[in-house]
Amino acid sequence: MDPIVLDGVGFAFPALPPLLHDVNLTISEGEVVALVGPTGCGKSTLLHICAGVIPHFISGDLTGIVRVFGTNTAETSLARIASNIGTVTQDPENQLFNLIVADEIAWGMENRGFARPDIRRGLDRALDFFRIPHLRDRITYDLSGGEKQRVVLAANYAPAPKLFVLDDPTSQLDPIGAQQVLSGIQALAESGQTILLVESKLEEIWSLVDRVVLLHNGTIELDTTRDQLDRHLERFTAANVPLPQLVELGARLRRRGVAVPALPPNPDNAAPLLSGIRAQPVESERPADETRRTRVDVKGLSYRYPPPRRTLAVDGVDLEIPAGSVVGVVGQNGSGKTTLARCLSGHLSPSAGSVSVDGRDVHRMSVRERAATVGYVFQNPDHQIFKDPVLEDVVFGPVNLGATREKAIESAERVLRALDLWEVRNLHPFRLSKGGRQRLAIAAIAVMQPPVMIIDEPTTGQDLQESHAIMTLLVDLARDAGQTVIVITHAMHLVAEHCDLMAALFEGRLIAFGPPEQVFRNEELLRQTFVKPPAVTALGNRLGLEPRPLTLEDAIDRLAGPSLKVARG
Amino acid sequence: MRPLYQFSGQDSFLHRLDPRTKLIFVLCYLLISFLVPQPWVLFFLLIAAIWFLAGIPPTEYYPFLLLMLPIMVAITLVHIFLIEGPPYLWSTHLGPVHISASSPGLHVGLDLGFRLGTMGLAFTLFAMTTEPFQWGMSMYRWGLPYKVAFMFAFAIRLYPLIQEEFIVIQRALKARGSNALSSFNPFVFFPGVVTSAVPLGLGAIRRSQDIAMAMELRGLNLPDELGQPRVLFRDVRLRTVDIAIMCGCLVILVALLSARLFTNWLPR
């Protein structure tokens, strides 16, 4: 019996146009199916339909037939449907209900009425399977993001469900956490489990999926095997869904007449397939501007958390950041990125060292002076919405800094127009999309025109198009207003494409600082902080391309550009 | 530094006691603090007990002590000036009004202040050494419906998350040039609280919906649906030491109460 059969399924939220229509999908036992599509296309909604959440928990107009292990979900209770399914969603915090890891993993089995010896066996099995026996007695809120999500996976695995439904389980994790979770999913796939998975990092799950289903324009546009993906480049491009960089590189090189086989996403495996191609070096497109004056001057900065943590989160960092530059700060969680940023913004007072902006020590400024000098956009835009509607929220900051209301509205209009939010100025901020709320958070700080803006993970949960749109806006701000923009991020492709400089942190120390083209060369050094260059840059490192390509277009130009002499060696 | 309710997660004598035992101990201790003439002894005894029997030094919960200090000082000051002497520590006349600080007022004020402090500390002991789910499940054993007991414990599990969110919101307000939440001026502070309630409240609503869905998917309602009894993996039972401590607390309380009511050993 097939785990999932969707027959002519459609869905609309109350009072909204249909989100899904004519969805037909069958998932066989033991298959691993990746569901991809642009933000807002209905991927999570489709997973909710498969898990029975729709129509039992979320209401709306569901049409067609949904069968899970042969049972029509509309005719069965959610509790019964869910007893066969392990469901993992994006935020582990919302899926941990117990304080101790062992209790969390046992809880699902308690609910299913397992006998106590069976619960003990299930607990041990799940801990071993996800290689987390050392977490057994730990407190759940003390775990890292990756550990929490592995506990959630283990808690869903313990009652031995027949199907796993995973909704972008690594989207809120740092690279090391994502790697831990992906290795858990890999183990599930290898053990023959049936998995339906939404995952924005197709590159990372490439090796474990059997089929890729593209959801676009409310229905399934493509259902193909992994190895056939590069034949459908146009469809993925039209849907704004990135293929793994090297898979797309291979497809686009072939279209430019370069005879290369289908490339795997891993640069180590792809490099030998391209070793016969020689590219002429080209001039760097982004020469470093040595003449810009220093805007942010960090000297010997250290920060140690007070007891009981006592962690030395930032350790003797020296940095000189020029005016008008866009700087990416990278490193795994716990490497000190956010603590450094909070010291730079004055939210934390350093244990040693100093931070000055245009020669003034930020830690000697009042709250208002700091807000006017170093703007800080926090990761979650929902934590920064204080007023209704959008226009009032943007005006809030300048008025606090002493601007007249007329002047504040004038500035707000300029920023809202630049960020494409002027038309929605009278809406409640929570009616905007996640990307819209993220732009609003940036607008609310940009309107105060601080010389320095720090943005913590501005692209979390955004699709590729929105991520690039936000980064482009930040770069434009830096260029037009001469602002220095510091971006904390895990998205290396955005650092490569949009940042002039990057700073890599490891255990609170600055291990690399310079243009991305230079920093990404030293993969060995970056590996200790779990930073991987974009696949095309890593490929450039292996092929010795000069300068290193930072974007897909750079790589195509190096290998097949009309100005290049491509020779077969 | 620990938030007001946060289980410390250690393994100690106090951590291993049943929550019901600790609850009885805390209640008896509070009553005893009103029976003995030197409540400050009980206050410091409790700090020592938390340190040596639970392994938690005062540096771990000093924000709580700091929070209690102004209340204890205020109570003492009120009594110093309200209770008449003699003897007087200080006195003056403001026209017809006689203002004085009396020695008996100081004693009564200190006694009450330390009693209040002892009550707060007893709660801290319970909070830091009692895993909320163990507490919830022991309440379930005493007859509270499972979902009520579980949700009660879960609310405490959520507390650190909400506290973290509040700190971020406070910083986000500062980033917008508002220092309202750090202000001592109530006309600035309370509007700041209202402003920060928007993101905090909406975030909590969104989170609670996601959590309710996730709980449903993990089978919270399955036992009711199938009509089968709920199994508890970690059984919560009273051990001999728990019963002994409960009995000991009650015996001491009754003894002190009797001494207070029927003898002159304890001043009334």
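Just so we're clear, the structure is a prediction, and the values are computed from it rather than from any experiment. (Residues numbered from 1 in each chain as written. Chains lettered and ligands numbered in written order. Predicted model: local features only at pLDDT ≥ 70, side-chain atom pairs only at ≥ 80, totals over all residues. Heavy atoms only, no water.)

1. Description of the domain arrangement of chain B
All names here are of chain B. Convention followed: The domain boundaries here were taken from an automatic or database domain assignment. We call two residues in contact when some of their heavy atoms are within 4.5 Å. Buried area is understood as the total, over both parts, of accessible area removed when two parts are fitted together, assessed with a 1.4 Å probe. When a carboxyl oxygen of Asp or Glu is within 4 Å of a side-chain nitrogen of Lys or Arg, the pair counts as a salt bridge. Nitrogen and oxygen atoms within 3.5 Å of one another constitute a polar contact, given that in protein one can donate a hydrogen and the other can accept it, and given that sequence-neighbouring residues count only through two side-chain atoms.
By domain assignment, chain B separates into domain 1 (1-130 + 238-268) and domain 2 (132-234). If you average the C-alpha positions of domain 1 and of domain 2, the two centres end up 29 Å apart. On the domain 2 side, the residues contacting the 12 residues of domain 1 number 11 residues. Summed over both partners, the interface of domain 1 with domain 2 comes to about 1000 Å²; 72% of that surface belongs to carbon and sulfur atoms. Across the contact surface, domain 1 and domain 2 share zero salt bridges. Where domain 1 touches domain 2, the interface holds zero residue pairs in polar contact (both at pLDDT 80 or more).

2. Focus: empty space enclosed by the protein
Selection criterion: The method works on a 1 Å grid over the protein atoms by themselves. A cavity is a set of points holding a 1.4 Å probe that cannot get out, a pocket is an open set with protein on both sides within 12 Å along at least five of seven lines, and residues with an atom within 4 Å of a point line them. Grid points are joined across faces, edges and corners, and a volume is the space filled by probe spheres set on the points. The classification used treats Ala, Val, Leu, Ile, Met, Phe, Trp, Tyr, Cys and Pro as nonpolar, Asp, Glu, Lys and Arg as charged, and all other residues, Gly among them, as polar.
Scanning all chains against the criterion turns up eight cavities of 30 Å³ or more. Roughly 160 Å³ of internal volume is contained in the largest cavity. What lines the largest cavity is a set of 13 residues, and nearest its centre among them are Asn 98, Asp 103 and Glu 110 of chain A together with Met 137 and Arg 234 of chain B. Taken together, the residues of the lining of the largest cavity break down into eight nonpolar, two polar and three charged. Estimates place the volume of the second largest cavity at around 60 Å³. Taken together, Ser 345, His 347, Val 367, Arg 370, Ala 371 and Val 374 of chain A together with Lys 174 and Ala 175 of chain B make up the lining of the second largest cavity.

3. Overview of the packing of aromatic side chains
Note the threshold: Two aromatic rings, drawn from Phe, Tyr or Trp (for Trp, its six-membered ring), form a pair once their centres lie within 6.5 Å of each other, and the interplanar angle then sorts them: stacked below 30 degrees, edge-to-face above 60, tilted otherwise. Burial classification: accessible surface area is computed with a 1.4 Å probe over protein chains only, and a residue below 20% of its type maximum counts as buried, one above 50% as exposed, and the rest as partly exposed. The criterion for a charge sitting over a ring is simple: Lys NZ or Arg CZ within 6 Å of the ring centre, and within 35 degrees of the ring normal.
Going through the model one piece at a time under the given rule, you end up with 20 aromatic pairs over all chains. Here the aromatic rings of Tyr 303 of chain A and Tyr 305 of chain A are separated by 4.9 Å at their centres, their planes lie at 85 degrees, and the arrangement is edge-to-face. Since its relative accessible area comes to 9%, Tyr 303 of chain A is described here as buried. Classification of Tyr 305 of chain A by relative accessible area gives buried; the value is 16%. Taking 5.2 Å as the distance between ring centres and 80 degrees as the angle between the ring planes, the aromatic pair formed by Phe 189 of chain B and Phe 190 of chain B counts as edge-to-face. Through pairs of rings, three or more aromatic residues link up here, namely Phe 97 and Trp 107 of chain A together with Tyr 140, Tyr 146, Phe 150 and Phe 154 of chain B. Positioned above the aromatic ring of Phe 69 of chain A is the side chain of Lys 162 of chain A, whose terminal nitrogen or guanidinium carbon lies 4.7 Å from the ring centre. Of note, Arg 230 of chain B hangs over the ring of Tyr 146 of chain B, and the distance from its end group to the ring centre comes to 3.8 Å.

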